[in-house]
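# Breakdown of the fold
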Amino acid sequence: MKKYQLMDWPTFILALIVLLAVVLPLILFQEASSEIIMDLNDFVTNQLGTAYLAIGLVIFIYCLYLAFGKYGGIKLGHSDDKPEFNTLSWAAMLFCAGIGSSILYWGIIEWAYYYDSPPFHISPRSEEAINYAASYGIFHWGPLAWSIYVLPALPIAYALFIKNENIIRISHACRPLLGKYTDSWLGKIIDVLFIFGLLGGAGTTLGLATPMIAEGVSVLTGVNSEALWLRILILLLSTIIFAFSSYTGIKKGIKKLSDINIWLTFILLAFVFIVGPTVFIMETTLSSLGLIFRDFFRMATWLEPFGGYNDIEETNFPQSWTVFYWAWWLVYSPFVGLFIARISKGRTIKEVILGTIIYGTLGCTLFFGILGNFGLWLELSGTFSVTEVLKEQSGPAAIMSILSQLPMSNIAIIIFVLTAIIYLSTTFDSGSYILAGATQKKIDGEPYRFNRLFWAFALSFIPLALLIISGNDSLTLLQTASIVSGAPLIIIFIILMVSFMKTLSSDRIKLEERSRLFKEKERKTLSIRYAKDDRWWE
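The notes below deal with the structure included here. These numbers were taken from a predicted model, which means no experiment stands behind them.

## Description of the packing of helix 5 (residues 102–116) against helix 15 (residues 317–342)
Their axes nearest at 12 Å, the elements helix 5 and helix 15 cross at an angle of 155°. Classified by the angle their axes make, helix 5 and helix 15 are roughly antiparallel. Both helix 5 and helix 15 take part in a crossing whose hand is left-handed. Between helix 5, through W106, E110, Y113 and Y114, and helix 15, the contact on the second element is made entirely by F317, W321 and Y325. When the residues that make up the contact of helix 5 with helix 15 are grouped by side-chain class, the tally is six nonpolar, no polar and one charged.

As structure tokens, then:
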């Protein structure tokens, strides 16, 4: 076993034990498990709502401070290192890893939920409700979400590319504060919580994407979208794609898959924008951005504190949506952050922070602005009632009904289904890569191939087993369980922020000296170049 001496077997085995301890009861004792998990979920969303919204704002402000403060110019790598990937590929990889096929689901129909059940006790289906329906999705998938995503990337990238520590584990990023406890049971628990959160997230992604893709196949071929064999086939196809991509590594697999996906996305969005209600889409999107700028802090802090008092209706809107989303981003962020760190060599801290927030927010805004507002236009113009299909059938049926209203709808649905499959694959692809790195003491170039393949299949087959044995309900429970387990991440993220600031502060003199030497080297290089240019007669 000397060949695999870099494996962290205790973390690897502990992660498997925890996963089986959660998954087996979901299969064998579904009703009892459901009751316990839902009670815990109610506690997390109702009692910890203030903590979740507060940590979201703190992380956002912290990231902006780092980007525009004295540490923003620090290059993640040697002073003369160039970015490992061009900007388009870098943005494509971080975006595909961060949002997956979930953006295709919620980007089209999230507005419909806000239209009928708006925030701030607004009358349903009123003009104000329409404004917030078009805006709230962009807010939930906007700068705060991407700030949460980018935070773990910073200390890991710093350790990887400045201190040359080939470790991609959240516990390692906490070392400046945890000290020797990083290598003890505490560090193992932190890493296992991250692994479990990602696998729970995989359950959610599959729970949303598989029925949606199956519905698209049903519209195109006429097969029953509820057929178990069809859903299993979709999962197996996605598994084969991302297992092969993960096996071949970042540059040959993940990069190429992300590049293909981003171009498919551009084609789909451009098509809907051009053939759809172009003026309505532009005006509504711009108005939504204005509303978000105006109400940003209100939306980021509203918890409906007076609901249930003095005849004020208690809608639980913030608990059902904003708090849940923030908990969701926290659970997924270690994985996305670690992946962003791995692909950000040669970029400054400012570039990584602003690039992640801007490109991520821009991409999500295009989805909600174009696809979502097309659905909203269908509803408001009386062309097609999306909300009626959503109530009487399902989310996937409503999505395909919206796409069916487009000219050449079959072509649009084919592109949509292909994009959804590749988004599903790229998320799992990146996830298996990072999970493999998290279960090794360090990485030599890339994690072991067998380790990457193991987690690629684990990401797929655990949710697949739940789907076959207990249906979509178990996938929902796995998602909820991962959200509940993510509550300690609030404390871990505070440790991360303090640890990274402590590291930057202690390394300040070394970093300043490194910057001075690089500038001196550049000055000498330029002097030599200008001297040669001046000797034109030679």
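So much for the structure itself; the text now carries on.
## With respect to a nonpolar patch on the surface
Where nonpolar side chains cluster on the molecular surface, the patch consists of L20, L24, L28 and F29 and spans about 430 Å² of accessible area. Along the chain, F29 falls in the loop between helix 1 (9–28) and helix 2 (30–47). Taking the relative accessible area as the measure of exposure, F29 reaches 51% and is therefore exposed.

## Considerations on the environment of D42
Relative to the helices and strands, D42 resides in helix 2. Linking D42 and S320, residues 278 residues apart in sequence, is a C-alpha distance of 9.7 Å.

## A short note on the packing of aromatic side chains
Think of a pair of aromatic rings as described by two things: how far the centres are apart, and how the planes are tilted against each other in angle. The full count for this structure, using the stated rule, is 36 aromatic pairs. Here the aromatic rings of W263 and F266 are separated by 5.6 Å at their centres, their planes lie at 75°, and the arrangement is edge-to-face. On the criterion of helical spacing, the pair formed by W263 and F266 is a turn pair, its members being three residues apart in helix 13 (residues 250–275). Residue class for F266 comes out partly exposed when judged on its relative accessible area of 36%. Positioned over the ring face of F120 is R298, at 3.7 Å from the centre of the ring. For R347, the ring lying beneath its charged end belongs to W90, and the centroid distance is 4.4 Å.

## As for unusual backbone geometry
It is generally the case that most residues other than glycine have a negative phi and that most peptide bonds are trans. In this structure, R125 is a non-glycine residue whose phi angle is positive, near 65°. Tracing the backbone through its elements, the reader meets R125 in the loop between helix 5 and helix 6 (127–140). Looking at R125, the relative accessible area reads 38%, which means it is partly exposed.

## Quick word on the pattern of salt bridges
Under the definition given, this model contains eight salt bridges. Notably, a salt bridge pairs D116 with R125, separated by 2.7 Å at the nearest N-O pair. Counted as one network, the salt bridges with shared partners bring together D116, R125, E379 and K391.

## Some remarks on helix 15
Helix length check: helix 15 (26 residues) gives 36 Å between terminal C-alpha atoms against 38 Å at 1.5 Å per residue, within 8%. At S333, helix 15 is deflected by roughly 45°, the largest bend along its length, and proline P334 occurs up to four residues later in sequence. Of all 26 residues that make up helix 15, 24 are buried, and the element is covered over most of its length.

Each value, and the rule that gives it
- Residues numbered from 1 in each chain as written.
- Predicted model: local features only at pLDDT ≥ 70, side-chain atom pairs only at ≥ 80, totals over all residues.
- Heavy atoms only, no water.
- Axes fitted to C-alpha atoms, helices over the stretch in contact; angles between N-to-C directions.
- Helix = DSSP H or I, 4+ residues; strand = E, 2+ residues; numbered from the N terminus.
- Parallel < 35°, antiparallel > 145°, perpendicular 65-115°, else oblique.
- Left-handed = near helix turned anticlockwise from the far one by under 90°.
- Contact = heavy atoms within 4.5 Å.
- Nonpolar A, V, L, I, M, F, W, Y, C, P; charged D, E, K, R; others polar.
- Patch = residues over 30% accessible without salt bridge, like charges linked within 9 Å, V, L, I, M, F, W, Y side chains within 5 Å.
- Areas by Shrake-Rupley, 256 points an atom, 1.4 Å probe, with all protein chains shown as cover.
- Salt bridge = Lys/Arg side-chain N within 4 Å of Asp/Glu carboxyl O.
- Buried < 20%, exposed > 50% of the residue type's maximum accessible area, 1.4 Å probe, protein only.
- Phe/Tyr/Trp six-rings, centres within 6.5 Å; stacked < 30°, edge-to-face > 60°.
- Lys NZ or Arg CZ within 6 Å of the ring centre and 35° of its normal.
- Expected span 1.5 Å × (residues − 1).
- Bend = angle between axes of the 7 residues up to and from the residue.

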